[in-house]
Each structure stands twice: as C-alpha cells, then as structure tokens.
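Structure assessment
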Amino acid sequence: RLKKRSCFLFSSVGFFFSCITPSASGGQPMQIYYMKKEKIPIPVSTVVLMIVTITYKLVLVVIGIGILIFGQGFLHRYLEGILPVYYLGLGLNVFCVVFMTVLVFHPVLTKEILKKGVHLLEKLRLMKHKEERLDTYRGTAVYLKEHMGVIVVVFGITFVQRMALFAATWFVYRAFGLSGTSFFDILFLQAVIAVAVDMLPLPGGMGISETLFLNIFRPVFGSLLLPGMVLSRGLGYYAEFLISA
C-alpha cells in the first residue's frame, strides 16, 4: 500500500520525463526507477505502467477511430490540411496499443523478450540475477487478466482525465467571449491534435502541437487565434509540465 502522495509523485515523474523525451519514451523507465526506490518490484511496476500506458493511448485510439467512422463531415470541415499527420498519428497509436497488449497478456512471447532484456541488463551489471523476476511479472499479468474490471475502471478514469484536459480549450474559447462553435467540436479538435502528435518523435509534441492548433482552430478563434493557442497550450501542457517539474 502506498500513500496517494507517492502515487502523485510517480505520475509527476512520468509526465515530466514524457514531456522532455521523444515520443514520450522516458516517462515509464524513470517511473520504474523511482518505484523501485519505494520497494515496488520491477516486474510489478512494469506491468502496471504498461496497463496505464495502454489505457492512456486507447482513449486516443477510440476517439480517433470514432471520428474516422462517424465524423467524416467534421474531418473535412476542420482537418483537410492535416489529414496525413492525423492518419499517421492514429496508425502509430493503434500499433502501440496492440503491441503492448500482446506483451502484457501473451506470456510465452513476453517471457522470451523479457529473458533477453533481463540477460542484457545483468550483463551490463545494471541488474542482479533473480530467477523469480519473470514469475512475478507473469503473476501480475495473470492477476490483471483475471480482474479485467480493474482495467475497465482505469480506462474510465483515464477517459475522464483526458477529456478534462482537452476541455481546457473550450474554457479559453468562452473566456474570450467567443461563441458559435459547440463544446464537442472544440473538444474533439483538441483530441485530434493529441492523436496526431502523441507518438511523433518530438518531446511533448512541442512545435507540431502549436502548428496544428494554429492550422485547425483558425475558423474557431478567428483574430484571437494566437492568444487562444498560447493560453490553451499553457493550461493543457506547460502548466502540468511546470507542476510536475
């Protein structure tokens, strides 16, 4: 059992290092490092963080595919100029979710990959040899497989969390006294940016996120486009970055 404060710090570590590494690749390794300091076994933290990452990206995949199937008019009204980037981002997220799900729930394949990875770390003297390490990983994966309700709850919480972040742009829109574009249009436009940039090899999607915002929110914010982008991106990314730091 851990204090909520410790879990908040683990999340802060993940967010901060994801922000400063390409494709958000540094968050989970650094979380594992800090979780190990709290006596959480590496195999357990690995499976837990993979589930968190899968649900985090699955929210984007569900939204992205939903827009693709049911929102063709929305796509062509707002996203005509950035469709290739959107399709690339969605494809990379789908691949990542499928690959990580296989790693968590396919014990034979995972065991072989883990054996090689652990052997390499032991050779480099970054990890001591422990035979039971793989059994702990498998046990954690089996527990989650038998308690799918845990994953459903995590997905639900993650969905609300991500929607809350995307909604920040709507509050900025209303704070400027603007109207005429619906809450859900703005929410999904912000989600589209997240889908497009989430897996690109840029730290925190910096640069490309701002460019896409200026591209697709032009008809929404009009002459207030630049201040709208600065405030929305500040609330949805840089504020969390500074708090995590």
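Residues numbered from 1 in each chain as written. Predicted model: local features only at pLDDT ≥ 70, side-chain atom pairs only at ≥ 80, totals over all residues. Heavy atoms only, no water.

1. Regarding the overall build of the chain
Defined as follows: Under the scheme used here, helices are H or I runs from DSSP no shorter than 4 residues and strands are E runs no shorter than 2 residues, and both carry numbers assigned from the N terminus. Remark: exposure states derive from per-residue accessible area (1.4 Å probe, protein chains only) relative to the maximum for the residue type, with buried under 20%, exposed over 50%, and partly exposed in between. With residues, only the protein chains shown are counted as cover, and all accessible areas are computed by Shrake-Rupley using a 1.4 Å probe.
Helices and strands together make up the secondary structure of the chain, namely 12 helices and 0 strands. Moving toward the C terminus, one meets the helices and strands of the chain in the order α-α-α-α-α-α-α-α-α-α-α-α. Here the chain holds 245 residues, and the buried ones make up 41% of them. When the accessible area of the chain is evaluated, it comes to approximately 13700 Å², of which 70% is carbon and sulfur surface.

2. With respect to helix α1 (residues 4-19)
The following threshold applies: Here, expected helix span is obtained from the residue count minus one, scaled by 1.5 Å. Contacts were defined at the residue level, with two residues in contact if any of their heavy atoms lie within 4.5 Å.
Here α1 contains 16 residues, and its C-alpha end-to-end distance of 22 Å stays within 8% of the 22 Å for a straight helix at 1.5 Å per residue. S6, F10, S12, V13, G14, S18 and C19 are the residues of α1 that are buried. Among the structural elements, α2 (27-37) and α12 (225-244) are those in contact with the buried residues of α1.

3. Describing the packing of helix α8 (residues 148-175) against α12
The cut-off we apply is this: Axis definition: a line fitted to C-alpha atoms, over the contacting stretch in the case of helices. Angles run 0 to 180 degrees between N-to-C directions. By definition in this entry, angles of less than 35 degrees are roughly parallel, angles greater than 145 are roughly antiparallel, angles of 65 to 115 are roughly perpendicular, and the rest are oblique. By convention, the crossing between two helices is left-handed when the near helix turns anticlockwise from the far helix through less than a right angle, and right-handed when the turn is clockwise. Following the grouping adopted for this structure description, the nonpolar residues are Ala, Val, Leu, Ile, Met, Phe, Trp, Tyr, Cys and Pro, the charged ones are Asp, Glu, Lys and Arg, and the polar ones are all others, Gly among them.
Where α8 meets α12, the closest approach of the two axes is 9 Å, and the angle between their N-to-C directions is 150°. The pairing of α8 with α12 is recorded here as roughly antiparallel in orientation. For the element pair α8 and α12, the recorded crossing hand is right-handed. Side by side, α8 and α12 meet where L165, A168, T169 and V172 of the first sit next to G228, L231, S232, L235, G236 and E240 of the second. When its residues are assigned to classes, the contact of α8 with α12 shows 5 nonpolar, 4 polar and 1 charged.

4. As for the side chain of D185
This is how the line gets drawn: Pairs of N or O atoms are called polar contacts if they sit within 3.5 Å, as long as, within protein, a hydrogen donor faces a hydrogen acceptor (for residues adjacent in sequence, only side-chain-to-side-chain pairs).
If you trace the backbone, D185 turns up in helix α9 (residues 183-197). In this structure the side chain of D185 is engaged in a polar contact, spanning 3.3 Å, whose partner is the side chain of Y78. Residues contacting D185, with those up to four places away along its chain left out, are F74, R77 and Y78.

5. Some details on the pattern of salt bridges
Put simply, the test is: Salt bridge, as applied in this entry: a Lys or Arg side-chain nitrogen positioned within 4 Å of an Asp or Glu carboxyl oxygen.
Considering all chains together, one arrives at 2 salt bridges under this definition. For R77, the salt bridge goes to D185, with nearest N and O atoms at 3.4 Å. Residue R77 is located in helix α4 (residues 72-78), and its partner D185 is located in helix α9; the two are separated by 108 residues in the primary sequence. Its relative accessible area of 51% is what places R77 among the exposed residues. For R233, the salt bridge is made with E210, and the minimal N-O distance between the two is 2.9 Å.

6. Regarding the packing of aromatic side chains
To keep it simple, the criterion reads: Pairs were defined over the aromatic rings of Phe, Tyr and Trp, the Trp ring being its six-membered one, requiring ring centres within 6.5 Å. Orientation was assigned from the angle between planes: stacked under 30 degrees, edge-to-face over 60, tilted for the rest.
In this structure the tally under the stated criterion is 17 aromatic pairs. Relative to F99, the ring of F95 lies with its centre 6.0 Å away and its plane at 10°, an arrangement referred to as stacked. With F95 and F99 both in helix α5 (residues 83-105), this residue pair falls 4 residues apart, about one helical turn. The rings of F16, F17, Y237, Y238 and F241 are connected pair by pair, giving a single aromatic cluster.

7. Describing the nonpolar core
Note the threshold: What is meant by a nonpolar core is a set of buried Ala, Val, Leu, Ile, Met, Phe, Trp, Tyr and Cys residues, joined one to another through side-chain atoms within 4.5 Å.
Core analysis: the largest hydrophobic core is formed by 36 residues, its most contacted members being L79, F166, L189, F217, V220 and F221. Tallying contributions element by element places α9 first for this core, with 10 residues. Not counting chain neighbours up to four residues away, the residues in contact with F221 comprise T169, V172, Y173, F176, L178, F213, G228 and S232. Counting 13 residues, the second-largest nonpolar core is a separate cluster that includes M50, V61, L144 and I151.

8. Concerning the environment of S25
Secondary-structure assignment places S25 in the loop between α1 and α2. In sequence terms S25 and M199 are 174 residues apart; their C-alpha atoms lie 9.2 Å from each other.

9. Quick notes on the environment of L224
Considering the arrangement of structural elements, one finds L224 in the loop between α11 (218-221) and α12. You can call L224 partly exposed: its relative accessible area is 25%. Taking the C-alpha atoms as reference points, L224 and F176, 48 residues apart in sequence, are found 8.1 Å from one another.

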